[in-house]
Amino acid sequence: MAAAQAPRAGSSDRTGIPRLEGVPLLGSLADLKSDALGTYQRARHLHGDIVRITAGPPGLRTELHCVFSPEGAQQVLATQAANFRKDNALYQEVRDALGNGLLTSQDEDYLRQRRLVQLLFTKRRVDGYADAVATETASTLAAWEAAPDGVVDVADEMMTLALRAVARILFGTDVDATADVVDRSFPVITAYVMRRGYSPVNIPRDWPTPGNKRAAAAMDELYAVCDGIIAERRSSGSGSGSGKEAGAGAGEDLLSLLAAASSDDDGEFDATELREQVLIFLLAGHETTATSLAFSLHLLARHPEFQDRARAEIAAVLGDRTPGAADLDRLPYLTQVLKEAMRLYPAAPVLGRRSVAAAEVDGHTIPAGADVIVAPWVTHRHPDYWPDPERFDPDRFTPEAEAARPRYAWLPFGGGPRACIGQHFSMLESVIALAMLLRAYEFEAVDTEVSVTAGITLRTTGPARCRIRRAGP
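Summary of the structure given here. Keep in mind it's a predicted model, so treat the numbers as computed, not measured.

### Some words on the packing of aromatic side chains
One pass over the structure, following the stated rule, counts nine aromatic pairs. A centroid spacing of 5.6 Å and a plane angle of 75 degrees characterise the contact between Phe 306 and Phe 392, whose relative ring orientation is edge-to-face. Of this pair, Phe 306 sits in helix α12 (residues 304–318) while Phe 392 sits in the loop between α14 (376–379) and α15 (399–403); the two residues are 86 residues apart in sequence, bridging distant segments of the chain. As far as the burial class goes, Phe 306 and Phe 392 line up, both buried. One aromatic cluster is present, formed by Trp 144, Tyr 441 and Phe 443 through successive ring pairs. Residue placement shows Arg 381 over the ring face of Trp 377; its charged tip is 3.8 Å from the ring centre. The ring of Phe 397 has Arg 405 lying over it, and the distance from NZ or CZ to the ring centre is 4.9 Å.

So, in structure tokens, the structure goes:
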């Protein structure tokens, strides 16, 4: 991240919300494009917990109302959630690209989808996915046996591992074909969505420009592979089912369970709705977990004393056996490591909303129709709640330390009624994979600093290489 600039005078409007001073005509547009996360941090440092940031030329200007305190985040995401909707430009671009699935849907559409999907994400059901995670982690370890010079890029490797794990859980034996297509198409689609979501003016999607054509080709390929597998499931009967018990009489992969999910009140998903849910699960289910895994390894590689402590716990709890869902509660220190990595590198570093009516948030009035930013990246570094906030310290997440902080001081999964439905799955996958990787290998950081940017999820912009050596007995 760029170094903080010297303080510049700000201004406030009649609501009393200070404004980060930008440049004439364009405001903070260049700063947000070059380093959005650093700009949000600078805004809090200079002006406090609610700050306005303007960006763009007159007539096309966006004004962001940024909320950085845990109390403000809780009001926007939870206690006043009905007033802060997913109506901004970026969410619309995600809808246009990936459909109106659980991440982007609203109102009765969202409630219906959530009711149909929630039975697939009970603790009992999610615990059943542990074997798939262990299988893909074992494949990663086998591939590392041939790693050139014993160096791997943990950002790339964890993206592959997490993608293959979620593809195996979603599609079962069709993992290879789907993972390859997703790996090719998702980077093209997400870059396109981000570019359009933050641009003040966009050309129509159907104009035959090179960018539009690349994105359309990527979406067509992704849709085709999902539609083909959905059609195969339904023609074979594995996606037909009825009754309240999602997945009754169906296959055990998540797609079959989704296809079988139904209720008297909510009906069932049609083919288009199934594809939209699958696409959202692919996006949210692999990029977020990959980020958490990669930075857990990167931070442990920089702090061998914490790595040794985690490895000692793994050895004491697991020995040589494959970890399962029951081990999640038996590895408390490893879980603390993961949570601290998610504090410093939250996979969803910025959450956007738009206000319906004027609302009081953290002592200030946010006007109707305002674009609102909740920034876990900044809240997770708030010095009032996180002393020496840039320091990596897993002991911040002992039960006693967690109980002493406000609930929304740590919000890597969002919060309120739109909190991530896959929280337990992400933690399960991450702990199992970390346990297997750390038991097998010692990690030493080659790249001690890793640059990141805020896309739909947090992404690295450079390598995150580690030297790996087989762990001793």
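### Quick word on the packing of helix α6 (residues 130–144) against helix α16 (residues 423–440)
At a closest axis distance of 9 Å, the pairing of α6 and α16 adopts a crossing angle of 30 degrees. Seen from above, α6 lies across α16 with right-handed handedness. For the pair formed by α6 and α16, the contact residues are Ala 130, Val 133, Ala 134, Thr 137, Ala 138, Thr 140, Leu 141 and Trp 144 on the first element and Leu 428, Glu 429, Ile 432, Ala 433, Met 436, Leu 437 and Ala 440 on the second.

### Some details on the environment of Asp 327
Relative to the assigned elements, Asp 327 resides in the loop between α12 and α13 (332–344). For the pair Asp 327 and Glu 390, spaced 63 residues apart in sequence, the C-alpha separation works out to 30 Å. Setting aside anything within four residues of it in sequence, one finds Asp 327 in contact with Val 317, Leu 318, Arg 321 and Thr 322.

### A look at the nonpolar core
Judged by nonpolar contacts, the single largest core of 133 residues is most densely connected at Tyr 40 and Phe 443. Considering every element that reaches this core, the biggest residue donor is helix α11 (residues 271–302), with 15 residues. Sequence-distant contacts of Phe 443, that is, excluding residues within four places in its chain, are made with Trp 144, Val 154, Leu 297, Ala 301, Gln 307, Arg 311, Leu 437, Leu 438, Cys 466, Arg 467 and Ile 468. Listed in part, the 17 residues of the second largest apolar core include Ile 17, Ala 73, Ala 370 and Tyr 408.

### So, a nonpolar patch on the surface
On the surface, Val 23, Leu 25 and Leu 26 cluster together into a nonpolar patch covering about 270 Å² of accessible area. Here Leu 25 is to be found in the loop between β2 (18–19) and α1 (29–47). The exposed category is assigned to Leu 25, whose relative accessible area is 60%.

About the thresholds
Every residue gets a number counted from 1 within its own chain, in the order that chain's sequence is written. With pLDDT at 70 or above as the cut-off, local features in this predicted model cover only qualifying residues; side-chain atom pairs require 80 or more to be listed or tallied, and sums for whole chains, interfaces and linings still use all residues. The basis for every side-chain value is the complete set of heavy atoms in the structure, and neither hydrogens nor water enter the calculation. Classification of ring pairs rests on two measures: the distance between centres of Phe, Tyr or Trp rings, Trp counted by its six-membered ring, which must be within 6.5 Å, and the angle between planes, read as stacked under 30 degrees, edge-to-face over 60 and tilted in between. Helix numbers and strand numbers start at the N terminus; a helix is a DSSP run of H or I with at least 4 residues, a strand a run of E with at least 2. Partly exposed describes any residue whose relative accessible area lies between the buried limit of under 20% and the exposed limit of over 50%, with all areas from a 1.4 Å probe on protein chains only and scaled to the type maximum. Any Lys NZ or Arg CZ found within 6 Å of a ring centre and within 35 degrees of that ring's normal is scored as a charge over the ring. Note on method: axes are straight lines fitted to C-alpha atoms, helices fitted across the in-contact stretch only, with angles between N-to-C directions ranging 0 to 180 degrees. Two helices that cross are described as forming a left-handed crossing if the nearer one is turned anticlockwise from the farther one by less than a right angle, and a right-handed crossing if clockwise. Only heavy atoms enter the contact rule, under which two residues are in contact if any of them lie within 4.5 Å. For our purposes a nonpolar core is just a set of buried Ala, Val, Leu, Ile, Met, Phe, Trp, Tyr and Cys residues, chained together by side-chain atoms within 4.5 Å. Put simply, a patch holds well-exposed residues, over 30% relative accessible area, that have no salt bridge, with like charges counted together within 9 Å and Val, Leu, Ile, Met, Phe, Trp or Tyr side chains within 5 Å. Residue-level accessible areas treat just the shown protein chains as cover; the underlying method is Shrake-Rupley with a 1.4 Å probe. Here, a salt bridge means any Lys or Arg side-chain nitrogen found within 4 Å of an Asp or Glu carboxyl oxygen.

By themselves these figures say nothing about function.
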